[in-house]
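Descriptive analysis of the structure
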Amino acid sequence: MEVSVGTGSERAVPAVNAQDICKRFEANVALDHVDFEVYPGEIHAVVGENGAGKSTLIRILGGVRRPDRGSIFVAGRPCNFASPHDAIAAGIVTIPQELRLVPALSIAENISLGDPPLRRFGPVALVDRGRMREAARAVLSQLDFHPDPDRRVASLSFAERQIVAIAKGLARECRVFILDEPTAALEHREVERLFAVLARMQARGTAVIYISHELAEVVAIADRCTVLRDGRVVAVKRRGAFSVSDLVAAMTGGMMDNSAHAAVESGGVLLAAKADGVNNVELHAGNIIGLAGLLGSGADGILRRLFGLATPLTVEVRGKKYRFRNPASAIAAGIGMVPGERSLGLVMKLSVRDNILLANLDVLSRIGWFDRRAGDRMVGELIELLDIRPRNPKLKAHALSGGNQQKVILAKWLARNIAVLLLQEPTQGIDVAAKAQIHALIREFAGRGSAALLNSTDLAELVRLCDAVCAVRRGRIVAALGRDAGLDEAKLRSAIAG
Amino acid sequence: MIRRPKLAGQMPLVSLVVLCAVTALLTDRFLSPLNLTNILVQSSIMAVIAMGMTFVIVGGGFDLSVGSTAALSGCIASMVMLQAGIAAGSLAGIAAGALVGLGNGLVIAFLHVNPFITTLGSMVLVRGVVFLITGGAPVSGETGLPGTFIEFGSARLLGIHYLVWVPAVLLAVLSFVMHATPYGRRVYATGGGREAAYLSGVPVRRVIASTYVWCGALAGVGGVMLAARLQSGQPTAGEFYELTAIAAVVLGGAALTGGEGTLYKSVIGVFIMIVLGNALNLLNVDSYWQRVAIGVVIIAAAAAERLRSASE
């Protein structure tokens, strides 16, 4: 695993170097003698399935967890981080997947949080708001983002928040920048913008550690890629020496099924609605229909309206007309929803079992109480069927990996025999293997005579999964691309961009 | 997968047993039948109120008005009883409690007012109403409350006080409601993740409002029991009951963020509070110091719970 990436002698010293890191959580080995280093000006990607140890590794580098053994050197000096604060002081800045922003504060306040510019009046120091705004503007403009710095973070979209979170990291002196799934909620244009920023940071000599499930991105930007499997480094490869399929093979330890779309006979109409107020959308039994749009296009708003979460629409489900004012009535009519954020799909404090039962209490109940045994049987079968790991229905939902959480959300609805499943970003931030399983489940669900309507910013996913995709701009369906009309990513991209 | 010893989930029970054992070693009077009976009777009213509080806290809420509500119920029960008999009086008292709870619940669930502020307001408001309707004087009529009612406050069935039977029966019935009915599961889901519960088809606003109705009605039951024990409706009764009830629920391991908590553990929390007070009394600890000690125990228990859940 000896790799030298240097062009000059100053590169001989890694920005951060972790040697022989081991970490166990009770009986689980999370990291098993892992060596990892990143050089100044290098983008080093870390890939692996959920549970492979990526998160643990970056938490150790970020000072959140302490390794059981092994040592960390920053710019050649041994470091022993007792807290995230120590890591930041050493110049290691992490942008976590769940952004640590304070929604009630402004963009500028968030960016300078913890270290605001001060104006001193003798012993009294006040926050210099003018300089704070200026600093925020300067760092945000590096990211090609020009909001009013006084806007509250709560009013920003997720992608915009992420840019603010990155700006917050950039505003500090940082030697090593760790990005955990930075593009999971971004759409194409913003991903490009992020890559441009990373290229600039790289040119300034910052080391970047890049964690992503999007292997195509890794191939596009990483100088080097470390593949983890079961807590061990199974491959370290330099740019040009790896492709997406190499990475998948290394991650999974073998080949995996990547089945293409199989045509499904479509049956009767399950759902019909003027989904955007103008254009009719019909879902037939067996259909998987996609909604594609740029961020803010309103594609997810269409799903929300169909589920009774926003201004109600007249919806025809299995031939009956409804206007859903809340999810409960939509569910009763046979519609299920997999929300874009998994924390909205599951009550994280409840067990896997209770979450699955929650959407099915009415089905399982007789005269006031529910049939516990039938419930347990159902949960057991679904856990087997969907391959939810670990196989423990009593485990709290927050203890599961993202992919398994998404399976539990699907299980909730599969148990109900619903007609139509609405899905927002069904595989966002999920590893390749789980992604393939979830695609297969959606196909199987449609194959059983139901229908699915999903939105996704991952156009490749829509092309692979859907019978037809509607392009959405400003809340309106502007084009529908069917598989027979040669659905592909390029056509879709131009349709949504207009 | 996280494995932890079975005992960890039973911290409240373990604490109670340890507390009792230590007290029994320090003083012989603790285990005397008279003292144990005393503890049971003292715990009974608070146990009923704490069960109601558990509904609210599991549902993600908070209720400061239970003490005032208990006083209102006790006074209304006494007033109605003097005119229309024991059954009508008791029902009127409980209904008054449920009504206060309904008011709290509607404001909190449908107007989205913070539960702390809402119930702080109703705590003061309801106490004011109690003074208004009673003129500030205890309600016992010229000849006193009906004899059977007063007997209920001290008589026993199968050697156990009626006052103790009430929480025992309620605990069994309400535990069934919380764990075996769809309604109960929806309360846990709503408290554990309101948005996610809503997206799963739970009518979260109605569920939240209903938890306050339970809490108010059970505070009403507690108030009626208290009137029987005090042989009158006391307008000043039940002060600080809300704090003891909340402390007991937290000692019982419920999370103030909602979604966690069990009725029987809340009852154990009540026992911990009462036994602690009893032990300090038996050991002749100065009553000012008793307050300090109880305060320390509450904070320590909450901190221990935090540490335990952080280590998971």
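The model shown is predicted, which means the values in this text are computed figures rather than measured ones. (Residues numbered from 1 in each chain as written. Chains lettered and ligands numbered in written order. Predicted model: local features only at pLDDT ≥ 70, side-chain atom pairs only at ≥ 80, totals over all residues.)

**A short note on the overall build of chain A**
Of the regular secondary structure elements, chain A holds 18 helices and 24 strands. Oriented by its inertia axes, the alpha-carbon framework of chain A measures out at about 70 × 50 × 50 Å. Across the 498 residues that make up chain A, the buried fraction comes to 49%. When contacts within chain A are restricted to residue pairs at least 6 apart in sequence, long-range pairs at least 24 apart make up 69% of them. (Helix = DSSP H or I, 4+ residues; strand = E, 2+ residues; numbered from the N terminus. Buried ≥ 20, exposed ≤ 12 C-beta atoms within 10 Å, placed from the backbone. Contact = placed C-beta atoms within 7 Å.)

**Focus on the pairing of strand β14 (residues 280-284) of chain A**
In summary, the side chains of a regular strand alternate between the two faces of the sheet. Residue and element names in this part refer to chain A. Where burial is concerned, the two faces of β14 differ: the one with V281 and L283 is buried and the one with N280, E282 and H284 is not. Where strand β13 (residues 269-274) meets β14, five bridges bridge the pair, whose relative direction is antiparallel. Within β14, the residue paired with L271 across the bridge is L283. (Pairing = 2+ DSSP bridges.)

**What to know about the sheet that holds β13(A)**
Residues and elements named next belong to chain A. The antiparallel open sheet is built from four strands, whose spatial order is β14-β13-β16-β17. With partners counted over all chains shown, the strands left at the sheet margins are β14 and β17 (320-323), one partner each. Between one strand and the next, the sheet's axes are offset by a mean angle of 20°, whatever the strand orientation. Sheet topology note: the strand β16 (residues 314-317)/β17 ladder contains four bridges and is antiparallel. Note that in β17 the partner of T314 across the bridge is R323. (Axes fitted to C-alpha atoms, helices over the stretch in contact; angles between N-to-C directions.)

**With respect to helix α5 (residues 158-170) of chain A**
Here α5(A) is 13 residues long and its end C-alpha atoms lie 18 Å apart, about the 18 Å a rise of 1.5 Å per residue gives. The secondary structure elements touched by the buried residues of α5(A) are β6 (92-95), α3 (107-111), α4 (129-142) and α6 (188-203) of chain A. (Expected span 1.5 Å × (residues − 1).)

**Re the packing of helix α15 (residues 402-414) of chain A against helix α16 (residues 432-447) of chain A**
All names here are of chain A. In contact at an axis separation of 10 Å, α15 and α16 are set at 10° when each is read in the N-to-C sense. For the element pair α15 / α16, the angle class is roughly parallel. Contacts between α15 and α16 involve G403, Q406, K407, L410 and L414 from the first element and A434, I438, L441 and F445 from the second. (Parallel < 35°, antiparallel > 145°, perpendicular 65-115°, else oblique.)

**Notes on the interface of chain A and chain B**
At the interface, 29 residues of chain A touch 22 residues of chain B. Those elements that provide at least two residues to the side of chain A that touches chain B are α10 (327-332), α11 (342-345), α12 (352-358), α13 (361-364) and β20 (369-370) of chain A. Class assignment for the residues of the side of chain A that touches chain B results in 19 nonpolar, five polar and five charged. (Nonpolar A, V, L, I, M, F, W, Y, C, P; charged D, E, K, R; others polar.)

**What about unusual backbone geometry?**
With a phi close to 55°, D20(A) is a non-glycine residue in the positive phi region. Among the secondary structure elements, D20(A) is positioned in strand β1 (residues 16-25). In this structure, N284(B) is a non-glycine residue whose phi angle is positive, near 60°. Take N284(B): it is sitting in the loop between α12 (263-282) and α13 (287-311). The exposure class assigned to N284(B) is exposed, which follows from the 7 C-beta atoms found within 10 Å.

**Some details on α16(A)**
The α-helix advances 3.6 residues per turn, and as a result positions three or four apart in sequence lie on the same side. Residue and element names in this part refer to chain A. Across its 16 residues, α16 extends 22 Å between first and last C-alpha, which sits within 8% of the 22 Å expected from 1.5 Å per residue. Listing the buried residues of α16 in full gives V432, A434, K435, Q437, I438, L441, I442, F445 and A446. Residue G449 follows α16 closely and has a positive phi angle near 95°.

**A closer look at the nonpolar core**
One finds I335(A), V420(A), I49(B) and A50(B) to be the most contacted residues of the largest nonpolar core, which totals 172 residues. Examining the composition of this core, we find that 17 residues originate from one element, helix α10 (residues 204-230) of chain B, more than from any other. V420(A) has contacts with L270(A), L271(A), L283(A), V317(A), G334(A), I335(A), S450(A), A451(A) and L453(A), leaving out every residue within four places of it along the chain. Of all hydrophobic cores here, the second largest spans 74 residues; its members include V93(A), I111(A), V164(A) and A250(A). (Core = buried A, V, L, I, M, F, W, Y, C linked by C-beta atoms within 7 Å.)

**Quick notes on the sheet that holds strand β15 (residues 288-292) of chain A**
All names here are of chain A. Taking strand neighbours across the sheet as the criterion, the six strands line up as β18-β21-β22-β15-β23-β24 in an open arrangement whose pairing is mixed. Lying at the two open borders of the sheet, with one neighbouring strand each, are β18 (335-338) and β24 (476-482). Across the sheet, the mean angle separating the axes of adjacent strands is 20° when strand polarity is ignored. Of the pairings in the sheet, the one linking strand β21 (residues 420-424) to strand β22 (residues 451-455) comprises five bridges and is parallel in character. The residue bridging V420 from the neighbouring strand is A451, located in β22.

**Some thoughts on the confidence of the model for chain B**
Residues and elements named next belong to chain B. On average, residues of chain B score 89 in pLDDT, and 96% of them reach the 70 mark or higher. For chain B, the element scoring lowest by mean pLDDT is α13, at 80; α10 scores highest, at 95. Considering only residues more than four positions removed or in separate chains, one finds that residues 1-5, a stretch of pLDDT under 50, has seven contacts. The complex model carries a pTM of 0.74, and its ipTM stands at 0.80. (pLDDT = per-residue confidence, 0-100.)

**Looking at the packing of helix α8 (residues 182-192) of chain B against α10(B)**
Residue and element names in this part refer to chain B. At a closest axis distance of 10 Å, the pairing of α8 and α10 adopts a crossing angle of 105°. Classified by the angle their axes make, α8 and α10 are roughly perpendicular. For the pair formed by α8 and α10, the contact residues are R186, V187 and T190 on the first element and V204, V207, I208 and T211 on the second. In the contact of α8 with α10, the residues fall into four nonpolar, two polar and one charged.

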